[in-house]
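# Structural overview
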Amino acid sequence: MTIDFHYLRHPMEKKKEIVMSGIRPTGFLHLGNYFGAIRNYVKMQEEFECYFMVADLHSLTTHPDTKELKANVHRVLAENIACGLDPDKVALYCQSHVHETAELYLYLNMLAYKGELEKTTTFKDKVRLNPQNVNAGLLTYPVLMTADIILHRASYVPVGKDQEQHLEMARTFANRFNHRYGEVFPEPQAFNFNQELIKVPSLDGAGKMSKSENQMATLYLADEDEMIRKKVMKAKTDSGPTEPDSPKPDYIENIFLLMKLVSSADVMQKFEADYNNCSIRYGDMKKQLAEDMVQFIAPIRNNVDAILNDEKGLKQIMEQGAEKANKSAHTTMKLVREAIGLKYY
Ligand code: ADP
């Protein structure tokens with residue numbers, strides 16, 4: 001079923017604000033993707049006009065081998081749906097099914113300067129990690145991301161903290177376009193319901209959970225119960241504080257942070273109190289965290305397989321999503337071409 005958001009809206013009803021975000025199909029989704037992004041997608045789908053995409057073109061910048069791409073695209077779709085995203089309420093689509101993204105990317109590339117792109121932290125990180133594949137797509141990643149967002153004239157972008165700098169660049173490019181060619185785009189803002197953007201730390205205490213780095217320190221939505229327990233129990237701890245109310249070292253703070261995401265307030269309070277009076281037993285804390293993680297992840301994992309097995313259903317979802325996304329893209333691109341002056345008759 002295709003929903004025409006504009007048609008359904010009552011003339012007196014306030015226009016819904018537009019939301020856009022994406023996840024790369026570069027592996028299994030993890031707790032960082034869930035708490036940084038998908039949890040908000042699910043909350044936002046009721047009140048906003050939402051465009052959520054599988055960012056397959058972005059994945060080509062770092063993963064040129066496409067053998068796994070189809071399976072990964074299907075998995076990202078299935079995992080989003082298993083987390084509660086409803087393809088009838090939102091546009092859930094693949095980036096490569098919306099060709100006008102590439103056109104907008106081209107125009108925006110002429111408004112983005114080499115110097116500012118080279119300064120992007122993620123670009124510098126990726127160059128360090130993979131010095132033999134520093135392609136132009138990697139450099140202009142923030143430009144493509146801007147195109148994805150402003151193609152729908154989105155105001156809000158639910159993302160994790162790692163995307164903050166990219167959002168700042170998206171605002172710069174959108175403003176530059178507006179300044180040069182006339183107001184077409186709102187300024188896109190990173191969004192987390194007025195809370196700080198989230199960074200889910202990895203279990204080894206170094207950096208963030210991520211699809212491809214240190215898989216034993218990342219909790220995936222597909223992890224089996226025993227694997228979850230094994231990973232959590234391996235998280236770094238020490239012999240505990242010796243002074244009451246001591247500050248927490250980073251790796252201990254991370255365990256509390258993970259607990260806050262999945263455990264009850266009572267459980268949190270108990271371990272906070274134990275920490276502050278120096279009676280904490282990290283073995284018990286990790287056991288509790290592991291069980292709460294199992295409770296959280298298992299129902300999502302169990303939903304995914306049924307969705308993945310229904311290839312016909314996934315195809316329909318992608319088609320329905322592409323139709324909604326293309327409709328919005330056509331409207332924007334007409335405005336863009338006219339604003340630039342690409343209209344000769
Ligand atoms: P990854 O870094 O795992 O490849 P993506 O780049 O595809 O993930 O990001 C998809 C979404 O998940 C983005 O909104 C990003 O901010 C969010 N995200 C990824 N890792 C984390 C994390 N550890 N904590 C919070 N949000 C995250």
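Heads up: the structure comes first, above all this text.
Residues numbered from 1 in each chain as written. Predicted model: local features only at pLDDT ≥ 70, side-chain atom pairs only at ≥ 80, totals over all residues. Heavy atoms only, no water.

### Considerations on unusual backbone geometry
Phi at Phe 193 takes a positive value of approximately 45 degrees, unusual for a residue other than glycine. Along the chain, Phe 193 falls in the loop between β5 (189-191) and α11 (225-233). Given a relative accessible area of 29%, Phe 193 falls into the partly exposed group. Backbone geometry places Cys 278, a non-glycine residue, at a positive phi of 65 degrees. (Helix = DSSP H or I, 4+ residues; strand = E, 2+ residues; numbered from the N terminus. Buried < 20%, exposed > 50% of the residue type's maximum accessible area, 1.4 Å probe, protein only.)

### Quick look at the site of the ligand
Taken together, the neighbourhood of the ligand is formed by 20 residues, with His 30, Gly 160, Asp 162, Lys 208 and Lys 211 sitting nearest. In this structure, an oxygen atom belonging to the ligand sits 2.7 Å away from a side-chain N or O atom of His 30. A distance of 2.8 Å separates a nitrogen atom of the ligand from a polar backbone atom of Val 200. For the ligand, the accessible surface in isolation is 530 Å², of which the surrounding protein chains cover 96%. Only β1 (18-23) and α2 (31-44) provide two or more residues apiece to the shell around the ligand. With four residues, α2 is the single largest residue contributor to the shell around the ligand. Looking at side-chain class alone, the shell around the ligand contains six nonpolar, nine polar and five charged residues. (Near = heavy atom within 4 Å. Polar contact = N/O pair within 3.5 Å; in protein donor to acceptor, adjacent residues only side chain to side chain. Areas by Shrake-Rupley, 256 points an atom, 1.4 Å probe, with all protein chains shown as cover. Nonpolar A, V, L, I, M, F, W, Y, C, P; charged D, E, K, R; others polar.)

### Some points on helix α12 (residues 250-262)
The end-to-end C-alpha distance of α12 is 19 Å, a good match for the 18 Å that 13 residues give at a rise of 1.5 Å each. In the core, the buried residues of α12 are packed alongside α2, α13 (265-276) and α14 (282-309). (Expected span 1.5 Å × (residues − 1). Contact = heavy atoms within 4.5 Å.)

### So, the pairing of strand β2 (residues 49-54)
Counting buried residues along β2, six of its six residues qualify, which places the element largely inside the surrounding structure. One ladder, built from six bridges, connects β1 with β2; its direction is parallel. Across the sheet, the residue bridging to Val 19 is Cys 50, located in β2. Viewed along the sheet, the connection from β1 through α2 into β2 turns out right-handed. Bridge analysis of β2 against strand β3 (residues 91-94) gives four bridges, and the strand direction is parallel. When the bridges of β3 are listed, Met 53 appears paired with Tyr 93. (Pairing = 2+ DSSP bridges. Right-handed = clockwise from strand over helix to strand, strands pointing away.)

### Thoughts on the environment of Cys 83
Positionally, Cys 83 belongs in the loop between α4 (69-82) and β3. Assessed through its relative accessible area of 11%, Cys 83 is described here as buried. In this structure the C-alpha to C-alpha distance between Cys 83 and Tyr 107, which are 24 residues apart in sequence, comes to 35 Å. Dropping the residues within four chain positions of it, Cys 83 is found in contact with Tyr 34, Ile 38, Val 42, Leu 221 and Ile 300.

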